[in-house]
Each structure stands twice: as structure tokens, then as C-alpha cells.
Amino acid sequence: MKKKLRYLTYILAGIAMFTAILFTNDKFFAEAANRVYLNETDLVLELGHYRTLKVRGSNQKAIFKSANNNAATVSSGGRVTAKGWGSTTIYTYVGNKTLKTKVTIVQMNKKNVGLSPGQTSQLTLWGATSNDVEWKSSNKKVATVSDKGLVTAVSNGNATITATFKDKKIVSNITVIGLNHDSFVLEHDPKFSLTGSGFGHVKKLKVTGTNDKVIWSSSNTNVATVNSKGKVTAKGPGSAKITASVKGTKISADVKVLKISYNQLELNKGENFTLEVLGTKSNPTWKSYNTSIATVTADGIVTAKSAGTTKIVAEVDGKILRCILTVR
């Protein structure tokens, strides 16, 4: 008898539990069926971008309103458009319910940045709290970025810097450019071996890391000129800076132009003459190719010895400058 009573108690308890579960599920589904909500409650938009709010759980007409139209506007269809960085609240009225969406508008201070290796640029995500922004570079071999948004150019190429704020990703495109020569030396008015090693009055510069249009300029056209293709031509002794500008980013190469005071000279036997190299403060190394015809001192003083022709050479700043000497 006691055993049957115990079984009956178990059965009644099971029925009660099953009834409670059914009641709970019915209540849950009933509440879910009556739940009205929005697809976005915390929205981050980039300036000029938009997102459409949608009401879930109701077929009633919704009315939308922005608390700050200077930050973001909202259309009658729920399209939220970022107008100015900052924040606002979008109110959605559905029946007797008021739903809220917090909207934060952000903007990258620089969308396209050009740098040369070693240069830096500070990126800032306006409208976002700086401590909540995560920064990342797509190519650290080209450009790195600190946890505060400071970009450092490493080598030529392209990289994308991404700032993530509340799962919203905003990007800035980085182009790192360089020149095939940082500095070079040319000779003005050379008469011999124009294309030989150590000689030459022209140099072709090329911007690396980009295919964008390059604007070239010279700081001193009396020393060197540069054409639209980057061809540099020596015009006179001295120093100049050749600059390539790409989308506002400038990178320069230093050019030094040298000139021997006379590249052809005639002297009488026993006569002395001083040669100079113009356009440099470095001390040339002088040499005569035939000392029986003429000698030259470390200061460039030439002494004619006997009739004939020889070369007097000055080597300086990686250049070889020559004077053809005829002794009568």
C-alpha cells in the first residue's frame, strides 16, 4: 500500500511539473510575440554614411525622430544619415512604445595619407573616445601604427590603417613613396665621356611606391632643371634640391653640380696655371696622365714641362672631371 502511494505521489509531481513547463513556455512565447524591438540600438556611423532602422515584432507604422539633426537625420522610412561627427538619439514611436537608438558619428581626420620612409602622420578618429579605438596596419612592412594612431612610414608601398570603434571599422589609405636617388652629383658642361662611369650631366629620377602623377620642381634652376619625366640636367655649378610632389606629399633629392674651371687648356712650356673645381667645398685629388708633359700639385697648380698633350684629372665627390692640356 505504501509503495503504491509513493508511485502515485511521483506521478502527480510529474504532472504538476509538466503543467508548469507548458505554462512557462506559453507565457514566454506570448511575451515574445508581443515584443517590439529595433535592429539597431547602439549605432556607429561614419560621416556621410547611412543605416536604415527596422522595427521587429510589429506591423504598425513607425514614426522616427532625431534628437539632434546636426549630428544625424532620420527619414520617415528610418534611414539614419550621419551629418556631423558627435552623437544623438533616434526615437522610434510604434503604437504606445518608444524605442531608442544611440547614434555615434565618427570621422577619420585623414582618409588618404602620403609619406616618405621615416615620416610620421597622426590619425585621429573624431567623435570617438580615443581609449576605445583599436588601430591596425594591413602591412607593417610599409607602415606601422601605434595604439594612439601615430602612423610611421617604413618602406615604399601601400597600406591600410584601420580604426575599430564599437565594431565599426574606419580606414585610412597610406601611400609610402621614395626616390631612386636620395642625392647625386652631376658635371656641368662636360666635354668628354658623357656616358662613362663617373661622368655625366643628366640623371633620371623616378618615384617608387606609387603610379600616381608626379609634379617635379627644382629649388635652383641655375644649377639644375628637371622636366615632367624626372630628367635632371646640370645647368651650372652649385647645389639644388629636386622635389617630387605626389598628391601633396613631397620627397626630395639633393643634387650637386660640379664644373672644372677649364676643360681645355693650352700652355707654353714652363708656364704655370691653377685649375679649380667649382660647386663643391670638398678637396679634389689631382693627377696628370703624363708628368713628362705637365705636372699638377695637390692644389691644382699645373706646370707645363714639354710639348705635347695630356689629361689633368680632378676626382671629387665621386666624380671625375678632366681637362685636356696642350703644351706648346
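Quantities reported herein were computed from a predicted structural model and do not represent experimental measurements.

A. The arrangement of the sheet that holds strand 33 (residues 308–316) in detail. Strand order in this open sheet of four strands is 27-34-33-30, and the pairing throughout is mixed. Looking at strand neighbours, the two that pair on one side only are strand 27 (264–267) and strand 30 (285–288), the edges of this open sheet. Between one strand and the next, the sheet's axes are offset by a mean angle of 25°, whatever the strand orientation.

B. Broad picture of the pattern of salt bridges. Across all of its chains, the model carries eight salt bridges by this definition. Here Lys-111 makes a salt bridge to Glu-46, at a shortest N to O gap of 2.9 Å. Of the two residues, Lys-111 sits in the loop between strand 9 (97–108) and strand 10 (112–115) while Glu-46 sits in strand 2 (residues 42–46), which places them 65 residues apart along the sequence. Under the relative-accessibility criterion, Glu-46 is labelled buried at 11%. Ionic pairing is found between Asp-317 and Lys-256, a salt bridge with its closest N-O pair at 3.2 Å. Of the two residues, Asp-317 is situated in the loop between strand 33 and strand 34 (319–327) and Lys-256 in strand 26 (residues 249–260); the sequence distance between them amounts to 61 residues.

C. Main features of the nonpolar core. Membership of the largest hydrophobic core comes to 22 residues, with the highest contact counts inside it found for Leu-125, Trp-135, Val-151 and Ile-174. Where this core is concerned, the elements lending two or more residues are strand 9, strand 10, strand 14 (143–145), strand 15 (150–153), strand 16 (157–165) and strand 17 (168–176). Of the residues forming this core, the biggest block, four residues, is contributed by strand 16. When residues no more than four places from it in sequence are discounted, the contact partners of Leu-125 are Val-106, Gln-107, Met-108, Val-133, Trp-135, Ala-163, Phe-165 and Ile-170. One finds Val-207, Val-223, Ala-224 and Ala-244 within the second-largest nonpolar core, a separate group that totals 21 residues.

Conventions used here
- Residues numbered from 1 in each chain as written.
- Predicted model: local features only at pLDDT ≥ 70, side-chain atom pairs only at ≥ 80, totals over all residues.
- Heavy atoms only, no water.
- Pairing = 2+ DSSP bridges.
- Helix = DSSP H or I, 4+ residues; strand = E, 2+ residues; numbered from the N terminus.
- Axes fitted to C-alpha atoms, helices over the stretch in contact; angles between N-to-C directions.
- Salt bridge = Lys/Arg side-chain N within 4 Å of Asp/Glu carboxyl O.
- Buried < 20%, exposed > 50% of the residue type's maximum accessible area, 1.4 Å probe, protein only.
- Core = buried A, V, L, I, M, F, W, Y, C linked by side-chain atoms within 4.5 Å.
- Contact = heavy atoms within 4.5 Å.

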